[in-house]
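# Geometric and topological summary
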There are 2 protein chains.
Amino acid sequence: MPSDLIAGLCADVGETHVSTTPPDRVAYSRDLWPRCQLNRLVGDAPKLPEAIVWPGSPEEVAAVVRRCAAGRVPIVPFGAGSGVCGATLPDRGGVVVDLKRLKAIRRIDAEAGEIEVEAGAMGELLERRLEHRGLTLGHFPSSILCSTVGGWLAGRSAGQCSSRYGKIEDMVLDMEVVTGDGVLRRTPRVGAITSGPDWNQIIVGSEGTLGIITSATLRVHPVPAARAFRGWLAPDVHAALEVMRETMQAGLRPAVLRMYDPLDTAMVGTEGSKSGGPSSKLKELLKGGAGGKGTVLRLALGHPRIVNALIERMPPKVLLVTMAEGSAAEAKATDDAIARAALRVGARDLGEEPGRAWFAHRYDVSYKQSGVYEGGGFVDTFEVATTWARLRGLYAAVRKAVSRHVVVMAHFSHAYPGGCSIYFTFAGSGRDPAEMRRRYDAAWRAGLDAAQAQGAVIAHHHGAGLSRASHMPSEHGEARRWFLALKASLDPAGVLNPGKLFAEGRG
Amino acid sequence: MPSDLIAGLCADVGETHVSTTPPDRVAYSRDLWPRCQLNRLVGDAPKLPEAIVWPGSPEEVAAVVRRCAAGRVPIVPFGAGSGVCGATLPDRGGVVVDLKRLKAIRRIDAEAGEIEVEAGAMGELLERRLEHRGLTLGHFPSSILCSTVGGWLAGRSAGQCSSRYGKIEDMVLDMEVVTGDGVLRRTPRVGAITSGPDWNQIIVGSEGTLGIITSATLRVHPVPAARAFRGWLAPDVHAALEVMRETMQAGLRPAVLRMYDPLDTAMVGTEGSKSGGPSSKLKELLKGGAGGKGTVLRLALGHPRIVNALIERMPPKVLLVTMAEGSAAEAKATDDAIARAALRVGARDLGEEPGRAWFAHRYDVSYKQSGVYEGGGFVDTFEVATTWARLRGLYAAVRKAVSRHVVVMAHFSHAYPGGCSIYFTFAGSGRDPAEMRRRYDAAWRAGLDAAQAQGAVIAHHHGAGLSRASHMPSEHGEARRWFLALKASLDPAGVLNPGKLFAEGRG
């Protein structure tokens, strides 16, 4: 790292907005990728960034990038650190650029149905500001309390209502981006309307490797006038998937269709007593909080094959939670249409409560994993997606592939006319941290291999980061060369989040 | 052109599928870009391709591309020639690759809601085949009888029901593409679901400059069970736009919202007597078919400023045609919601007939322009798009900009939650073909300049071709460099439709 770089950064953004202190460097050495925690338990020291900077304007971001590019110093853009795939790890050192000072909502245009917002704006605060104006972005990731607009865009984030509002890439109209040459640019406003390539769809999902997003114009919607909640107990996974597929393919636009597989259904409960999702239940059990079962489950996590075999013999019934919204008429019409489909497959109406309970606790899950680690186990989630026809095959194949390594459950959410995502939660344990990490890595590798063998895509909304980097080249095939051509043009010094997205094999 | 090239092409695709005859070369020297017709009237000979080939498989396309790349011979991919912007003109000579033999529907998967279809499949035939299976692509460009899947994808086509089904770029899941190095590739299946850049959105709209699309996987939907048609007579453009905006921003998904401006309303008539759109009326008038008014209008087209000033004084009432579809309940609910919004702005219900009449004649317009030329005038269309807030400003600015050159009318269609397209029809005349072409060019230049000055995008669904090439660099800004980087990687010999999309200034 060039010795005069720090002084230069201080000149660029102000001395108080640059840190080289060890606590800051340690704090920015990780995100919420669970493997970071396993590394810590094993005793592997993380790579620390040499400095953290907090630029106060897009121009300052550009100045920082120019300076780093000149010195060939890696840059890692950083939002709120809630990523679960390691995309913001400074694993080649360098400078972390924290964008949270860029938090202004520059423009709210209710008539146009759009806003311009800076990349560092926090999700929940943004949504609250919009609500005051009768608007919503419609983007509700479970990380909303600890994630930013820029992070959403960089990682192709999906919110819980993506069936109705789309993923973040469907909401973006244009972006302001600092490319690797340190120039502040604006992507041409394309998307629904224009000719030529849509550059937004290249910057979205590029995870900081092609540019640092500093602001974006996003579509917003009126706050829905009404919501209809419901829970259904369907005979099995297949029946519930039919309801979801029929609903989406009929052109209806429910906000949420969320189905828990048998184990996940048992964990959630069907009486609407859900509080915090499977991870919190695991925590309870692991800690012995649920009537002494803790010891049993700790043992169980050490013998995943046996547990998974037992799970296969569980009652096949599954919980389907639905939330329809819009005008009162639309919410009711959608709820009614789902009901017709659900009754046709023999599902039982559980009333509003399961839907309301899900809604009340919809962001809890992000804060519950640490308890499992405290209890001596590990837990992670793994979301993949495919077409309706391949969905059951994908579910079975991933379960089978990971079941020797971990206990696995899943829910099916983010339904679209063309397909759906499966969100696996897997948990395991080991005699020591090193064995835990081996099992964790083995489960990930097996899951990704199985998903690709089924023709599924290996991520739905968590991004690639480092956890999927090994499988990204095969996912994108020859298009990796296209990425490299673009990367050479947009980031000639190769300083933007190097080694991410299409990194060499790992894991 | 290398002398052995023709022999090589014959070896690649079979002798009967190569032509160098003058009639074929003349036939493939133009598409439906109206300026081609003006050039012909002026006496400018078009540039002819040296050969036309009709490959019978993607592999044969790849072989042709390899051969042409080796010889540095330009290649122009060709579907059905219905483009209206000159994108398929072989204006640097070379080989036209007609893809119509690649017409197979390789796979129809109703459960997955997707099909795989080859690029040369004709739109209407495809839609009819799907209908037999209870499915629809939902893509109904007015050119559907004479356009192909590959042409739609290459040009970012929109169908008349894009408010409900999206544009073609919203329907594509992946594509098979022959890049400029003559290798058959498949774009990674991204779109709604995965991480990393979405390469489909770079190939879509690239108009043959990055690759030749040979097949695509597209989303399909069940044929709607019901349709609700209606016409409204709204007090003025502003009131009707409010109805359209409210409807789309409320999250409703009508298939068609189509509003004619005052002159267009007068041409169409509000009694549902529409037959063939404004161009056919112009033709009638120009030919004196409508009670001797022909002479008047011929004169009028020569004095557009006066006519446009008179138009400004026309009664402001406008016709809004709507078509809702889906389940019977959804169609009715959408129709009802539109009615509430329409009554609120003081619109008068004209009943079903205007909607039904539009539906019956929805593809006529594409076949009516030639009559205007026979009558001694010229006519073209020009579609731009912007956000709701800018829409009226755009309408006024473009009208003003072109009104010294041509008589202009417009309809507003392709409404989305974020904005809408304006489809201008302009007609003019001149003492001789050279003056007509000058006026034609002046109108285009003025229209594009005005649209860009208003912050609008300069195309909605006709693509860039040559008619917009002059304004594409400013539209895409710095992203043009990204295009060039990709182009160098995907088409190293620079043979794919050279000079298109981001050509030097023209017109």
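To be clear, the structure that these remarks concern was listed above.
My aim in this report is to walk through the structure given alongside it, one point at a time. Since the model is a prediction, treat every value here as computed from it, not as a measurement. (Residues numbered from 1 in each chain as written. Chains lettered and ligands numbered in written order. Predicted model: local features only at pLDDT ≥ 70, side-chain atom pairs only at ≥ 80, totals over all residues. Heavy atoms only, no water.)

### Regarding the overall build of chain A
When helices and strands are tallied, chain A shows 21 helices and 18 strands. In summary, chain A has a C-alpha radius of gyration of 23 Å against a globular reference of 23 Å for 507 residues, a match within 12%. A total of 507 residues make up chain A; the buried ones form 65% of that total. Sequence-distant contacts, at least 24 apart, represent 76% of the contacts inside chain A between residues at least 6 apart. Summing over all exposed atoms, chain A offers an accessible surface of approximately 17200 Å²; the carbon and sulfur share of this is 53%. Chain A carries 61 positive and 53 negative side-chain charges, and their two centres are separated by 5 Å. (Helix = DSSP H or I, 4+ residues; strand = E, 2+ residues; numbered from the N terminus. Rg over C-alpha atoms; globule rule 2.2 N^0.38 Å. Buried < 20%, exposed > 50% of the residue type's maximum accessible area, 1.4 Å probe, protein only. Contact = heavy atoms within 4.5 Å. Areas by Shrake-Rupley, 256 points an atom, 1.4 Å probe, with all protein chains shown as cover. Lys, Arg positive; Asp, Glu negative; His and termini not counted. Charge placed at Lys NZ, Arg CZ, Asp CG, Glu CD.)

### As for unusual backbone geometry
All names here are of chain A. Its identity as a non-glycine residue notwithstanding, R156 has a phi of 55 degrees, on the positive side. Summarising the element assignment, R156 is placed in the loop between α6 (149-155) and α7 (162-165). Accessibility expressed as a relative area gives 1% for R156, which makes it buried.

### Observations regarding the interface of chain A and chain B
With 68 residues of chain A at the contact, the number on the chain B side is 68 residues. Where chain A abuts chain B, roughly 5600 Å² becomes buried across the two surfaces, and 60% of that area is made up of carbon and sulfur atoms. Our enumeration of links across chain A and chain B arrives at four salt bridges. In this structure, R185(B) engages E478(A) in a salt bridge whose closest nitrogen and oxygen atoms are separated by 2.8 Å. Counting the contacts that link chain A with chain B gives 17 residue pairs in polar contact (both at pLDDT 80 or more). At the level of secondary structure, the elements contributing two or more residues to the side of chain A that touches chain B comprise α9 (200-203), α10 (237-249), β16 (378-387), α18 (388-402), α20 (472-476) and α21 (479-490) of chain A. With eight residues, α21(A) is the largest single contributor of residues to the side of chain A that touches chain B. Residues of the side of chain A that touches chain B, tallied by class, amount to 30 nonpolar, 18 polar and 20 charged. (Buried area = accessible area lost by both parts, 1.4 Å probe. Salt bridge = Lys/Arg side-chain N within 4 Å of Asp/Glu carboxyl O. Polar contact = N/O pair within 3.5 Å; in protein donor to acceptor, adjacent residues only side chain to side chain. Nonpolar A, V, L, I, M, F, W, Y, C, P; charged D, E, K, R; others polar.)

### Side note on the pattern of salt bridges
Residue and element names in this part refer to chain A. In the structure shown here, the tally under the stated rule is 66 salt bridges over all chains. The partner of D98 in a salt bridge is K100, and the shortest N-O contact between them spans 3.0 Å. On the accessibility criterion, K100 (29% relative accessible area) is partly exposed. Where salt bridges share partners, they join R106, R107, D109, E114, E116, E118, D174, E176 and R186 into one cluster.

### Comments concerning the pairing of strand β6 (residues 114-118) of chain A
All names here are of chain A. Across the five residues of β6, five count as buried, placing the element largely inside the fold. Judged by which residues are buried, β6 turns out to be covered on both faces: E114, E116 and E118 on one side and I115 and V117 on the other are all buried. The pairing of strand β5 (residues 105-109) with β6 spans four bridges and is classified as antiparallel. Residue pairing for β6: I108 is matched across the bridge by I115. Counting the residues in the hairpin turn of β5 and β6 gives four residues, including G113, whose phi is positive at 70 degrees. (Pairing = 2+ DSSP bridges.)

### A closer look at the packing of helix α18 (residues 388-402) of chain B against helix α19 (residues 433-453) of chain B
All names here are of chain B. Where α18 meets α19, the closest approach of the two axes is 8 Å, and the angle between their N-to-C directions is 150 degrees. In this view, α18 runs roughly antiparallel relative to α19, as classed from their interaxial angle. Pair α18 / α19 crosses with right-handed handedness. Between α18 and α19, the contacting residues are L394, A397, V398, A401 and V402 on the first element and A443, A446, G447, A450 and A451 on the second. Looking at the contact of α18 with α19, its residues break down into nine nonpolar, one polar and no charged. (Axes fitted to C-alpha atoms, helices over the stretch in contact; angles between N-to-C directions. Parallel < 35°, antiparallel > 145°, perpendicular 65-115°, else oblique. Left-handed = near helix turned anticlockwise from the far one by under 90°.)

### Structural notes on the side chain of S163(B)
All names here are of chain B. By secondary structure assignment, the location of S163 is in helix α7 (residues 162-165). Take S163: its relative accessible area is 9%, and that puts it in the buried class. In this structure the side chain of S163 is engaged in a polar contact, spanning 2.6 Å, whose partner is the backbone oxygen of A415. For S163, the residues in contact, after removing those within four places along its chain, are M248, P254, A255, H414, A415 and Y416.

### Side note on the packing of α10(A) against helix α15 (residues 328-344) of chain A
Residue and element names in this part refer to chain A. Where α10 contacts α15, the two axes come as close as 9 Å, and the packing angle between them is 145 degrees. Remark: the crossing between α10 and α15 carries right-handed chirality. The residues of α15 that touch α10, namely those facing V243, E246 and T247, are I338, A341, A342 and R344. Broken down by class, the residue content of the contact of α10 with α15 amounts to four nonpolar, one polar and two charged.

### Section: the relation of the copies chain A and chain B
Its rotation angle being 180 degrees, the transformation that places chain A on chain B also includes 0.0 Å of axial translation and leaves an RMSD of 0.0 Å. Taken together, the rotation and translation relating the two chain copies correspond to the operation of a two-fold axis. (Least-squares fit on C-alpha atoms with pLDDT ≥ 70 in both.)

### Here's the deal with the sheet that holds strand β2 (residues 51-53) of chain B
Residue and element names in this part refer to chain B. Across the sheet, which stays open at both edges, the four strands sit in the order β1-β2-β4-β3 with mixed pairing between neighbours. Of all strands in the sheet, those bounded by a partner on one side alone are β1 (18-19) and β3 (75-78). Here β2 runs beside strand β4 (residues 95-98); their pairing, made up of three bridges, is parallel. Within β4, the residue paired with I52 across the bridge is V96.

### Focus: the nonpolar core
With 225 residues, the main nonpolar core has L153(A), M244(A), F412(A), L153(B), M244(B) and F412(B) as its most contacted residues. The contacts of L153(A), once residues within four sequence positions are left out, are I168(A), V172(A), M175(A), V204(A), G205(A), I213(A), A216(A) and L218(A). (Core = buried A, V, L, I, M, F, W, Y, C linked by side-chain atoms within 4.5 Å.)

### Looking at α18(A)
For α18(A), which comprises 15 residues, the first-to-last C-alpha distance of 22 Å matches the rise-based estimate of 21 Å (1.5 Å per residue) to within 8%. If you check which residues of α18(A) are buried, you get W388(A), L391(A), L394(A), Y395(A), A397(A), V398(A), R399(A) and V402(A). (Expected span 1.5 Å × (residues − 1).)

### Considering the sheet that holds strand β18 (residues 419-428) of chain B
Residue and element names in this part refer to chain B. A sheet is described by the order of its strands in space; here seven strands give the open sequence β15-β12-β14-β13-β17-β18-β16, paired in antiparallel fashion. The open sheet has two edge strands, β15 (348-351) and β16 (378-387), and neither has a second partner. For this sheet the average axis-to-axis angle between neighbouring strands, irrespective of direction, equals 20 degrees. Across nine bridges, the pairing between strand β17 (residues 407-416) and β18 is antiparallel. Looking at β18, one finds that A410 is bridged to F424.

### Some remarks on the state of the cysteines
Residue and element names in this part refer to chain A. The final tally for this structure, using the stated rule, is zero disulfides over all chains. A disulfide-free cysteine, C85 has its sulfur positioned 11 Å from the sulfur of C36, the nearest such atom. Counting only cysteine sulfurs, C85 is the nearest neighbor of C146, a cysteine outside any disulfide, at a range of 14 Å. (Disulfide = S-S within 2.5 Å.)

### Focus on the side chain of K500(A)
Among the structural elements, K500(A) can be located in the segment after α21. Engagement of the side chain of K500(A) in a polar contact is seen with the backbone oxygen of A87(A), the distance being 2.9 Å.

### Section: the packing of aromatic side chains
For the coordinates displayed, the defined rule picks out 26 aromatic pairs over all chains. Their ring planes at 80 degrees and their centres at 5.9 Å tell us that F378(B) and Y440(B) sit as a pair that is edge-to-face. Of this pair, F378(B) sits in strand β16 while Y440(B) sits in helix α19, placing them 62 residues apart in sequence. Ring pairs connect the aromatic residues F378(A), F382(A), Y395(A), F412(A), F424(A), F426(A), Y440(A) and W444(A), which therefore count as one cluster. Over the face of the ring belonging to Y165(A) we find R164(A), whose NZ or CZ atom lies 5.8 Å from the ring centre. When the ring centre of F359(B) is taken as origin, the NZ or CZ atom of R362(B), which lies over that ring, is 3.8 Å away. (Phe/Tyr/Trp six-rings, centres within 6.5 Å; stacked < 30°, edge-to-face > 60°. Lys NZ or Arg CZ within 6 Å of the ring centre and 35° of its normal.)

### Some thoughts on the pairing of strand β17 (residues 407-416) of chain A
Residues and elements named next belong to chain A. For β17, the buried fraction is high: ten of the ten residues fall into the buried class. The sheet contact formed by strand β13 (residues 256-260) and β17 spans two bridges and is antiparallel. Bridge pairing in β17 places Y260 opposite H411.

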